[in-house]
Amino acid sequence: MSSTHYPICDLFTSIQGEGGLVGMPFVFLRFWGCPLSCPWCDEPRHRDPGCRRILDLEELLVEIQRQSPRLDHVLLTGGEPLAVPHLDLLVSRLKERNCFVAMETSGVGGAPPPGIDWITLSPKTPLPHFPAQRVNEVKFVLGEHEEPAQEALIQWWARHPHPLWLQPRWQGSGLPRNAVRRCLDRVLAAEGRFRLSLQIHKWLDIP
């Protein structure tokens, strides 16, 4: 039995509903916990102690395999996967199984380990030391009103070549009209530099 343990919130199979891998099936591994406390987080269960369970490395690999035995795409999310100890060991073992490993991260908590095939960065704070060359796409979730700190981050990342997605922030069971309008206006004004993401899994009412 391994002495390496991981805090898990959810483990399920679904499709990626946003960004550049939209529509692709994945085994989703949602870690518990995050160094940030964003009040509008769309997955607050990762802070609920009742949703936290601890699995050692071997147990976790078995459960990932059980989720979908023939699916070799795994998406690490949270919470914040980069804040999870021993993430490098898990990624290494998944790569030994020839898995395609994707990750959604705020960039806070540590450096991404080797072996991750696709990194979706959703910055909430300045990340002066984050290795921009490791990023495959950048995503910003826009609310109904402009947030100066977020606007500064958008402008900084817009200077990089990565695909940059703007995604309206869900509120309750729907999308506020002004958040949608803000994203549409920005995407159209950027003449192809920004893209629109709409979280199709929420429209389909699936995980």
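Residues numbered from 1 in each chain as written. Predicted model: local features only at pLDDT ≥ 70, side-chain atom pairs only at ≥ 80, totals over all residues. Heavy atoms only, no water.

Asker: For the overall build of the chain, give the residues involved together with the corresponding values.
Answerer: For the chain, the helix and strand inventory stands at 5 helices and 9 strands. From first element to last, N terminus to C terminus, the chain shows the α and β order β-β-β-α-β-α-β-β-β-α-β-α-β-α. For a compact globule of 207 residues, the expected C-alpha radius of gyration is about 17 Å, and the chain comes in at 17 Å, within 12% of that figure. The C-alpha extent of the chain, read off along each of the three principal axes, is 55 × 35 × 30 Å. (Helix = DSSP H or I, 4+ residues; strand = E, 2+ residues; numbered from the N terminus. Rg over C-alpha atoms; globule rule 2.2 N^0.38 Å.)

Asker: Tell me about the pattern of salt bridges, residues and numbers included.
Answerer: All told, the structure shown has 9 salt bridges when counted by the stated rule. A salt bridge links R45 to D10; the nearest nitrogen and oxygen atoms lie 2.4 Å apart. Of the two residues, R45 is situated in the loop between strand 2 (25-31) and strand 3 (53-56) and D10 in strand 1 (residues 5-15); the sequence distance between them amounts to 35 residues. A salt bridge links R93 to E96; the nearest nitrogen and oxygen atoms lie 3.7 Å apart. Of this pair, R93 and E96 both sit in helix 2 (residues 87-96), 3 residues apart, which is roughly one turn of the helix. The exposure class of R93 is partly exposed, given its relative accessible area of 24%. Here E96 falls in the exposed class, since its relative accessible area comes to 57%. Connected via shared salt-bridge partners are E58, R93 and E96. (Salt bridge = Lys/Arg side-chain N within 4 Å of Asp/Glu carboxyl O. Buried < 20%, exposed > 50% of the residue type's maximum accessible area, 1.4 Å probe, protein only.)

Asker: Explain the packing of helix 1 (residues 57-67) against helix 2 to me, and be specific about the residues and the numbers.
Answerer: Running from amino to carboxyl end, helix 1 crosses helix 2 at an angle of 45°, the nearest separation of the two axes being 11 Å. With respect to helix 2, the element helix 1 is oriented oblique. Remark: the crossing between helix 1 and helix 2 carries right-handed chirality. Across from L57, E58, L60, L61 and I64 in helix 1, the residues of helix 2 making contact are L90, R93 and L94. Grouping the constituent residues of the contact of helix 1 with helix 2 by class yields 6 nonpolar, no polar and 2 charged. (Axes fitted to C-alpha atoms, helices over the stretch in contact; angles between N-to-C directions. Parallel < 35°, antiparallel > 145°, perpendicular 65-115°, else oblique. Left-handed = near helix turned anticlockwise from the far one by under 90°. Contact = heavy atoms within 4.5 Å. Nonpolar A, V, L, I, M, F, W, Y, C, P; charged D, E, K, R; others polar.)

Asker: Requested: an account of the packing of aromatic side chains, with residues and values cited.
Answerer: Remark: the centre distance and the inter-plane angle together describe each pair of aromatic rings, the angle taken between the planes. Scanning all chains against the criterion turns up 5 aromatic pairs. When the ring of F12 is compared with that of F28, the centres are 5.1 Å apart and the planes differ by 0°; the resulting orientation is stacked. A residue pair is termed long-range when its members are at least 10 positions apart, and F12 in strand 1 and F28 in strand 2 qualify at 16 residues. The pair F12 / F28 is uniform in exposure class, with both members buried. Plain terms: the ring middles of W156 and W157 are 4.9 Å apart, the flat faces sit at 80° to each other, and that makes the pair edge-to-face. Joined through ring pairs, the aromatic side chains of F12, F26, F28 and F100 make up one cluster. Across from the ring centre of W32, 5.3 Å away, lies the NZ or CZ of R52, which sits over that ring. (Phe/Tyr/Trp six-rings, centres within 6.5 Å; stacked < 30°, edge-to-face > 60°. Lys NZ or Arg CZ within 6 Å of the ring centre and 35° of its normal.)

Asker: Which residues make up the side chain of Q150, and what values go with them?
Answerer: Relative to the assigned elements, Q150 resides in helix 3 (residues 148-158). Under the relative-accessibility criterion, Q150 is labelled buried at 10%. Each residue touching Q150, except ones within four places of it in the same chain, is listed here: F140, V141, L142 and R169.

Asker: Residue-level account of the layout of surface pockets, with values.
Answerer: Approximately 820 Å³ is the volume attributed to the largest pocket. Lining the largest pocket we find 38 residues, and of these R30, D42, E43, G78 and E104 sit closest to its centre. The set of elements that each furnish at least two residues to the lining of the largest pocket consists of strand 1, strand 2, strand 4 (73-77), strand 5 (100-105), strand 7 (137-142) and helix 5 (200-204). By residue number, the principal contributor to the lining of the largest pocket is strand 1, which donates 3 residues. The class makeup of the residues in the lining of the largest pocket is 13 nonpolar, 13 polar and 12 charged. (1 Å grid on protein atoms, 1.4 Å probe; cavity = no way out; pocket = protein on both sides within 12 Å on 5 of 7 lines; lining within 4 Å. Points joined across faces, edges and corners; volume = space filled by probe spheres on them.)

Asker: Explain the environment of P81 to me, using residue names and the numbers behind them.
Answerer: Within the secondary structure layout, P81 lies in the loop between strand 4 and helix 2. Under the relative-accessibility criterion, P81 is labelled buried at 0%. Expressed as a C-alpha distance, the spacing of P81 and V108, which sit 27 residues apart in the sequence, is 9.1 Å. Ignoring sequence-local partners within four residues, the contact set of P81 consists of F31, L76, L87, M103 and E104.

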